[in-house]
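# Secondary and tertiary structure notes
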Amino acid sequence: MKRNLLSVAALLFGTLFLFMGNGLQGILLPVRGNLEGYATTTLGLLGTSWAGGFVIGCLVAPKIVRRVGHVRAFSGFISIIAIIALVSGIIIHPVWWVVLRAVTGFSTAGTSMIIESWLNERASNESRGAIFSLYIGITLLGVVGGQMMIPLEDVRTPVLFMICGIFYCIAMLPTTLSTAALPQPLKAVRLDLPALYRNSPVSCLGILLVGIANGAYGTLGAVFGAGAGLSDTSIAVMMSATIFAGAVMQLPAGRLSDRIDRRYVLAAMSGIAALAGLLIFLLHPTSPAFLIGLVVLYGAVANTLYPIAVAHANDFAASEDFVKVSGGLLLLYGIGTVIGPTISGPVMSAITPHALFLVTAIAHVMITVYAIIRSRIRAAIPASDRDAYTTIPTGTSPMLTPQSMSLADRGTSKPPETGKSPESDDPAVKFG
């Protein structure tokens, strides 16, 4: 175990700085754009273009890696991200930012897939869980650390953009200078969304709606904070606290979903998220402490939905299809994060910045209603046949790729033993 962890220490060190750059740039662009007077619709397109680029990157990046190799591809992708961060601080123009943000999303998918495949190659069966947990922890720490850089410098200057570039360059060094053996080529994942829906309708629709809500908040949360009168420091605290709260809630929510029907947990957590969102929208809290408290409550429950929905889908899939199922759900999540900011921007412009949480509340109400309806149609799967819950926090945007699903090592989950799903009136679905 210790030897395996030491072998990936340098790579994880680089990963920390990669996500520090991602976290800083992700909050810096909407905050600076808001100060420049850009329309909320335009700022929403920053998230839409990033998510669109990320989804395309998950599909295309493996071909680039197989063609030029891991190290060259990683260096190329991260160089592009660093250049874009620096250019964004020089060219202050909304159209350029939207276009460049798509390229950043594409390149981020490439770098993440390479890191995850490298970690997967180094992990043994004994250390895989520890390495995956450590990787998730480092990504969250990096995003939060990057966001907390905002109060350290005036966002009107190019300094913070330059710091992003420095973080990215540091992230490149450990992998570029490593003498370790290269991992195997990235695995291609064949997706079958119709079969995925037949496998678990609740997970498919739920993941799409979670992507809409998380994409909206992840992109426009900082814009909402500015519109609500929060300072830069308070905005950074709010955005970071929601990630921490979501991480803390992962284990209790997951344990609960292992004991009772996961759809009830999805319905309950979505209902609480919807209630918190509606309170923010209707009350327009003026107290920063009360407002941030409601947003943190929202983040605590909203960020538990994705991994519970993934676990629910895997309850009905064969163990060898885990990566395929999770890859399809990631695609749906990515599509949702494209839709979320696209819808929320115009809604916030037409109503108030607080209407961001009206959009998220509608998405979460739909999850609650659909989960309850499906629980009346299909019986719950026995606890002994369920896939074991694994923490897969998504924060506010897709940061995992299909490669990370192999690293999570949930392929040993126990599938239903009968030829017919105990939860369904339809024949059990097997991918392939």
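The chain carries the name MFS transporter in an unreviewed UniProt entry, which gives Rhizobium ruizarguesonis as its organism.

What follows concerns the overall build of the chain. Along the backbone of the chain there are 16 helices and 0 strands. Restricting to contacts in the chain with at least 6 residues of sequence separation, those with at least 24 account for 86%. Carbon and sulfur atoms make up 68% of the accessible area of the chain, which totals about 16100 Å².

This next bit is on the packing of aromatic side chains. For the structure on display, the rule yields 11 aromatic pairs. Ring geometry for phenylalanine 77 against phenylalanine 106: centres 6.1 Å apart, planes inclined by 70°, an arrangement best described as edge-to-face. Highlighted residues: phenylalanine 77 in helix 4 (residues 70-90) and phenylalanine 106 in helix 5 (residues 94-122), separated in sequence by 29 residues. Like phenylalanine 106, phenylalanine 77 is buried.

With 22 residues, helix 11 (residues 262-283) ought to run about 32 Å at 1.5 Å a step, and its terminal C-alpha atoms sit 31 Å apart, in line with that. Downstream of helix 11 by a residue or two, histidine 284 has a phi angle that is positive, lying close to 45°.

A positive phi is found at histidine 284, a non-glycine position, where the angle reads about 45°. The topology assignment puts histidine 284 in the loop between helix 11 and helix 12 (288-302).

For the structure shown, the criterion picks out 4 salt bridges. The closest approach of N and O atoms between arginine 156 and aspartate 154, which form a salt bridge, is 3.5 Å. Note that aspartate 258 and arginine 262 form a salt bridge whose closest N and O atoms lie 3.0 Å from each other. Note on aspartate 258: relative accessible area 28%, which makes it partly exposed. What makes arginine 262 buried here is its relative accessible area of 1%.

Mapped onto the elements of the fold, leucine 86 is located in helix 4. As for leucine 86 and isoleucine 166, which are separated by 80 residues in sequence, their C-alpha atoms are 9.4 Å apart. Once you skip the residues sitting within four places of it in the chain, leucine 86 turns out to touch Phe161, Met162 and Gly165.

Locating leucine 279 in the fold gives a position in helix 11. Separated by 16 residues in sequence, leucine 279 and valine 295 place their C-alpha atoms 9.9 Å apart. Once residues within four sequence positions are removed from consideration, leucine 279 is found in contact with His284, Pro285 and Leu294.

Turning next to the confidence of the model for the chain. Across the chain, the average pLDDT comes to 84, with 80% of residues at or above 70. Low pLDDT, under 50, characterises residues 411-432; the predicted model gives this stretch 53 contacts beyond four residues in sequence or across chains.

A rise of 1.5 Å per residue sets the reference length of helix 3 (residues 40-68), with its 29 residues, at 42 Å; its end C-alpha atoms lie 39 Å apart and thus fit the reference within 8%. Where helix 3 bends most, at cysteine 58, the angle is about 45°, and the proline proline 62 comes one to four residues later. Of the residues flanking the end of helix 3, it is glycine 69, one or two places downstream, whose phi is positive at about 100°.

Together, Leu275, Leu278, Leu279, Leu282, Leu283 and Phe290 make up an exposed nonpolar region whose accessible area comes to about 550 Å². Element by element, the count of residues in the nonpolar patch is highest for helix 11, at 5 residues. Along the chain, the position of leucine 275 falls in helix 11. The exposure class assigned to leucine 275 is exposed, which follows from its relative accessible area of 51%.

Let's shift gears to the packing of helix 3 against helix 5. Helix-helix packing is characterised by the crossing angle of the two axes and by the distance between the axes. Packing of helix 3 against helix 5 leaves a shortest axis separation of 6 Å and a crossing angle of 35°. You can see that helix 3 and helix 5 cross each other, and the crossing is right-handed. Class assignment for the residues of the contact of helix 3 with helix 5 results in 19 nonpolar, 8 polar and 1 charged.

For serine 257, the location among the structural elements is in helix 10 (residues 232-259). A relative accessible area of 0% places serine 257 in the buried class. At 2.8 Å, the side chain of serine 257 and the backbone oxygen of glycine 254 are in polar contact.

Attention shifts here to the environment of isoleucine 150. Along the chain, isoleucine 150 falls in the loop between helix 6 (128-147) and helix 7 (159-177). For isoleucine 150, the contacting residues outside a window of four places in its chain are Leu24, Ile27, Leu28, Val155, Leu160, Asp232 and Ala236.

Thresholds applied
Residues numbered from 1 in each chain as written. Predicted model: local features only at pLDDT ≥ 70, side-chain atom pairs only at ≥ 80, totals over all residues. Heavy atoms only, no water. Helix = DSSP H or I, 4+ residues; strand = E, 2+ residues; numbered from the N terminus. Contact = heavy atoms within 4.5 Å. Areas by Shrake-Rupley, 256 points an atom, 1.4 Å probe, with all protein chains shown as cover. Phe/Tyr/Trp six-rings, centres within 6.5 Å; stacked < 30°, edge-to-face > 60°. Buried < 20%, exposed > 50% of the residue type's maximum accessible area, 1.4 Å probe, protein only. Expected span 1.5 Å × (residues − 1). Salt bridge = Lys/Arg side-chain N within 4 Å of Asp/Glu carboxyl O. pLDDT = per-residue confidence, 0-100. Bend = angle between axes of the 7 residues up to and from the residue. Patch = residues over 30% accessible without salt bridge, like charges linked within 9 Å, V, L, I, M, F, W, Y side chains within 5 Å. Axes fitted to C-alpha atoms, helices over the stretch in contact; angles between N-to-C directions. Left-handed = near helix turned anticlockwise from the far one by under 90°. Nonpolar A, V, L, I, M, F, W, Y, C, P; charged D, E, K, R; others polar. Polar contact = N/O pair within 3.5 Å; in protein donor to acceptor, adjacent residues only side chain to side chain.

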